[in-house]
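Descriptive analysis of the structure
So you can see what is in the structure, the chains are spelled out below.
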Amino acid sequence: MTATPRKRLAMSRRGLVRRFRAARRAILGAPVLNGTSVAVGMTLVTLLVYGLYGPSAAIDAGVGTIIALLADDVRPRRGKFSHLVAAPLLGIPLFLLVQLLRVHPVELGLFLVPATFVVFLSTAWGRRGMPIAGAVMLAMFFAMAPEPVDDAHAALLRTLWCAVGAGLYVVYSMVSNALLNGRYRGQVMADLLFSTAALLCQHAARIAGTDGPAGTGNDRRALGAILRGQAALSDQLQAARDLILERPSTPRHQRLAGMLVEVLELRDRMIAGDLGAERARYCGEPAAGRFTSMLCDMAGDVGRIADALLIGRVPTPARDHRPELESLRQSAREGAGAADANPDAMTHAALMHSVSVRIGDLNTEVLQLAALARGEAEPNLAAVRSGWQLFTSPAHWTWRPLLRLHWRQPALRHALRAALAVGFGFALAQVVPWSSRDYWILLTISVVLRGSLAQTLTRRNERVIGTVVGSLLAVLLLALRPPIGLLLLAVIVAQGVAHAFVVRRYVVTAVAASVLGLVMTGLLRAGSSPTFDFITRLGDTLLGAAIAWGFSYVLPAWERGQLATLVQRACRAMARHARQSLALAAVGDVTGQPELEWRLARREAYDVLSALVQATDRALAEPRAVRPPVAALERLQGHSYQLLGQLSAIQSILLLRRERLDMEVASRSIDTAMELIATRLDLARVCTMPAPTAAADESNAPGLRAVPEDLPDPFLSDSTPWLLRRLHLAAGLASRVRTDTERVLAAVSADPGALAGNTGSGRKSPDPGEQA
């Protein structure tokens, strides 16, 4: 049905409001503040050197500033200095050597290849080493940009000013980071809450059934989107832990740390609650609509808490949905207790009870989160107060990642691939028909070529689009012939924007970097033609992107080669998490060492599942001949996700409703379940449980049916039957995880060519219905 003009106007207004809200949140976020700080630091260092020693020294100092600032991201104070100085210590000597070799193209090319290999080995440290590699590569390319120096003295002088600029910026960054640390904590917490609110909305959409009936392709894709959202949230959680859990000594910092702990609990409750997403649809459309509305309201409350953090205000109280949930349960009980009730009324009452409990747990967590944000509740940090270092990333450099390198290691292959690509690009730049700037081709190669094919393809497209748009903007600006002061301001703004969006939205960084490069060229070469610079810059970008794309197939580290280790880690992590969860809940100890070990095990389980989801997504961009068994991997992800949800539901029953349990019966069942899960997830032990047959898998394609199913009596106050049912389902899911793992291991160890016929071209999500 066609929308009326009034409805279209209302929809347009709502869209504008959403875009305005998103823009405001981005402007007030940590990346923009960090980019602003970087731009201010660059301005202060450049102006200081310019005022004391003139423009030539200021330009070289600006190069050193850029080398140092690439690693200046939102980080805790611990280890900040060692992270900042790594790039200047490696890059400035290479800056000098490239200048000395600039007049000798052959020698320079022979030097760039091994130097690139050594630089890209820093990616062995993961995300921590990536900005270091980029900064050191920039140091070499900046040395190639200007006209060659006349003698060694001039090269040493330029290098000296470069070192001065880097040193001054490191001092500025340490001071700036200390001053902004408190603000960064609040912004990172707000960003985490926005992602949590988005996940709540996705869970609400599954309950509403807007993505299709349970078990259909649309519903599986919806669960796949939730899995990817959970994976992204896991990455954000680690960044938040590193910053927020670092010495929470002040009351505000402790409140933020308490909110972070609460978000971890809320994530567990979301996963447990998603087990009832299919079940909620059988409660009837009116009840499902009310459940959906409650989750959307909770998401709105979480979003408002995040907005309040960004603007420094006390958030409004969260809405309490307990009365409405009790009303729904009571109505279902009355229907089941009526004399003329049909046989399905009892099932309906049990379903309403189950879903209401799960949503009630979410409601409790959101209320507690709001109370912490408003200062109305004291944070519970007993488990992390003295052991916060266990939850944060390493702060200092070690040689361990390099000692672990071997031929099939992705970091080693990526370093070799990058070295070959840079060597080929440098040689080709010497013979292209236009007046190429070889450093721009090499720069494009270094920023486009990533560790996986999927990441390389994304960077290639964003780099080309950003260069076209940014170069056009720069040409228009230079064509107006504005004063030098305005051009310098454009350079500073472009640097800040490029830094702010380098991780979140690289296409914006590519636009800003192109503006920066062309405007700087206009400043350094007064007689250059902006139009010609645009054409050559675009040609060099296309050439560099094509080289990076081509070399992404050289010495590839396909995902299937890493999956065996990853899925084995997943089994071990989930077995440990199950053991710690059930042991903690059984003894009822929620403080001290048992809780600390459980939190560490939970983090490991979520992190490895996140890595598995991301690896599967990257594999979809790989050639079909080497693509791993995507369908089996997604089944493994889904069953692992559901197992984590069952463990969370079990723990909530044991810890929140302990007084309603027969602990003698519960303890025996917990011990049995612990042994079953440990046996089934231990790949070194023979599992005596029969593997599901192909026919059984096909008949249970949606998984364990939500309805019909024998559910405990909702009129009983004893929660023991619900606990026993959860333990039984968790043990069954452990068997499915074991079966999925064995199928994946068998497939990835087979001939790669045999996999081509067993994988789909598009992503399917795991069976969503194997839920409780």
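Procedures and definitions
- Residues numbered from 1 in each chain as written.
- Predicted model: local features only at pLDDT ≥ 70, side-chain atom pairs only at ≥ 80, totals over all residues.
- Heavy atoms only, no water.
- Helix = DSSP H or I, 4+ residues; strand = E, 2+ residues; numbered from the N terminus.
- Buried < 20%, exposed > 50% of the residue type's maximum accessible area, 1.4 Å probe, protein only.
- Contact = heavy atoms within 4.5 Å.
- Areas by Shrake-Rupley, 256 points an atom, 1.4 Å probe, with all protein chains shown as cover.
- Patch = residues over 30% accessible without salt bridge, like charges linked within 9 Å, V, L, I, M, F, W, Y side chains within 5 Å.
- Salt bridge = Lys/Arg side-chain N within 4 Å of Asp/Glu carboxyl O.
- Lys, Arg positive; Asp, Glu negative; His and termini not counted.
- Charge placed at Lys NZ, Arg CZ, Asp CG, Glu CD.
- Axes fitted to C-alpha atoms, helices over the stretch in contact; angles between N-to-C directions.
- Parallel < 35°, antiparallel > 145°, perpendicular 65-115°, else oblique.
- Left-handed = near helix turned anticlockwise from the far one by under 90°.
- Phe/Tyr/Trp six-rings, centres within 6.5 Å; stacked < 30°, edge-to-face > 60°.
- 1 Å grid on protein atoms, 1.4 Å probe; cavity = no way out; pocket = protein on both sides within 12 Å on 5 of 7 lines; lining within 4 Å.
- Points joined across faces, edges and corners; volume = space filled by probe spheres on them.
- Nonpolar A, V, L, I, M, F, W, Y, C, P; charged D, E, K, R; others polar.
- Polar contact = N/O pair within 3.5 Å; in protein donor to acceptor, adjacent residues only side chain to side chain.
- Core = buried A, V, L, I, M, F, W, Y, C linked by side-chain atoms within 4.5 Å.
- Expected span 1.5 Å × (residues − 1).

Overview of the overall build of the chain
Scanning the chain from N- to C-terminus turns up 26 helices and zero strands. Split into buried and exposed, the 772 residues of the chain put 53% on the buried side. Put simply, of all contacts in the chain between residues at least 6 apart along the chain, 83% involve residues at least 24 apart. Accessible surface, the chain: about 32,900 Å² in total, of which carbon and sulfur atoms supply 63%.

Points about a positive patch on the surface
Together, R14, R18, R19 and R21 give the surface a local cluster of positive charge. Within the secondary structure layout, R14 lies in helix 1 (residues 5-27). On the accessibility criterion, R14 (47% relative accessible area) is partly exposed.

Side note on the packing of helix 6 (residues 130-144) against helix 16 (residues 438-448)
Here helix 6 crosses helix 16 at 165°, and the two axes come no closer than 9 Å. Between helix 6 and helix 16, the interaxial angle falls into the category roughly antiparallel. As helix 6 runs across helix 16, the sense of the crossing is left-handed. Between helix 6 and helix 16, the contacting residues are M137, L138, F141 and M144 on the first element and D438, Y439, L442, L443 and S446 on the second.

Quick notes on the packing of aromatic side chains
A full pass over the atoms with the stated rule returns five aromatic pairs. Each ring, one from F424 and one from F551, has its centre 5.6 Å from the other, and the planes form 50°; the classification is tilted. Of the two residues, F424 is situated in helix 15 (residues 410-429) and F551 in helix 20 (residues 530-551); the sequence distance between them amounts to 127 residues. Accessibility expressed as a relative area gives 43% for F424, which makes it partly exposed. For the pair Y553 and W558, a centre-to-centre distance of 6.4 Å together with 65° between the ring planes defines the contact as edge-to-face. By relative accessible area, which is 40% here, Y553 ends up partly exposed.

With respect to empty space enclosed by the protein
Taken as a whole, this structure holds ten cavities of 30 Å³ or more when the rule is applied. Quantified by volume, the largest cavity comes out at close to 120 Å³. Around the largest cavity, the lining residues are H353, S354, V357, R358, I653, R657, R660, S719, W722 and R726. Counting only elements with at least two residues in the lining of the largest cavity, the list comes to helix 13 (344-373) and helix 26 (720-748). With four residues, the single largest contributor to the lining of the largest cavity is helix 13. By residue class, the composition of the lining of the largest cavity is three nonpolar, three polar and four charged.

Some points on the layout of surface pockets
In this structure, the second largest pocket spans a volume of roughly 530 Å³. Mapped by element, the contributors of at least two residues to the lining of the second largest pocket are helix 9 (251-274), helix 13, helix 22 (593-619) and helix 23 (630-656). Across the lining of the second largest pocket, the residue classes tally to eight nonpolar, six polar and eight charged.

Description of the side chain of Q99
Positionally, Q99 belongs in helix 4 (residues 80-101). Residue Q99 is classed as buried on the basis of its relative accessible area, which comes to 3%. Among the polar contacts made by the side chain of Q99, one reaches the side chain of T159 at a distance of 3.1 Å. Leave out the neighbours within four places in its chain, and Q99 touches A143, V149, A155, R158 and T159.

Notes on the environment of L328
Along the chain, L328 turns up in helix 12 (residues 322-337). Linking L328 and F291, residues 37 residues apart in sequence, is a C-alpha distance of 9.8 Å. If near-sequence neighbours (up to four positions away) are discounted, L328 is found in contact with R290, F291, M294 and M352.

A look at the nonpolar core
In terms of nonpolar packing, the biggest core is built from 108 residues, with M189, L193, M259, F291 and L681 touching the most fellow members. When residues of this core are assigned to their parent elements, the largest contribution, 13 residues, is made by helix 7 (residues 152-208). If we ignore the near neighbours within four places in the chain, the residues touching M189 are I244, L256, M259, L260, V263 and L309. I67, F141, V170 and L443 belong to the second-largest nonpolar core, a separate cluster that totals 63 residues.

Here's the deal with helix 6
Residue pairs three or four apart in sequence face the same way in an α-helix, which turns once every 3.6 residues. Between the first and last C-alpha of helix 6 there are 22 Å, a value that for 15 residues agrees with the 21 Å anticipated at 1.5 Å per step. Taking burial as the measure, the 15 residues of helix 6 include twelve buried ones, the bulk of the element. Buried within helix 6 are the following residues: P131, I132, A133, A135, V136, M137, L138, A139, M140, F141, A143 and M144. Looking at the buried residues of helix 6, the elements they touch are helix 3 (55-69), helix 4, helix 5 (105-120), helix 15 and helix 16.

Some points on unusual backbone geometry
Here R247, not a glycine, exhibits a phi torsion of approximately 45°, which is positive. Tracing the sequence through the fold places R247 in the loop between helix 8 (217-244) and helix 9. Here R247 falls in the exposed class, since its relative accessible area comes to 54%. Although it is not a glycine, L555 adopts a positive phi angle of roughly 45°. Structurally, L555 can be placed in the loop between helix 20 and helix 21 (560-587).

Keep in mind that these numbers describe shape and distance, not what the molecule does.
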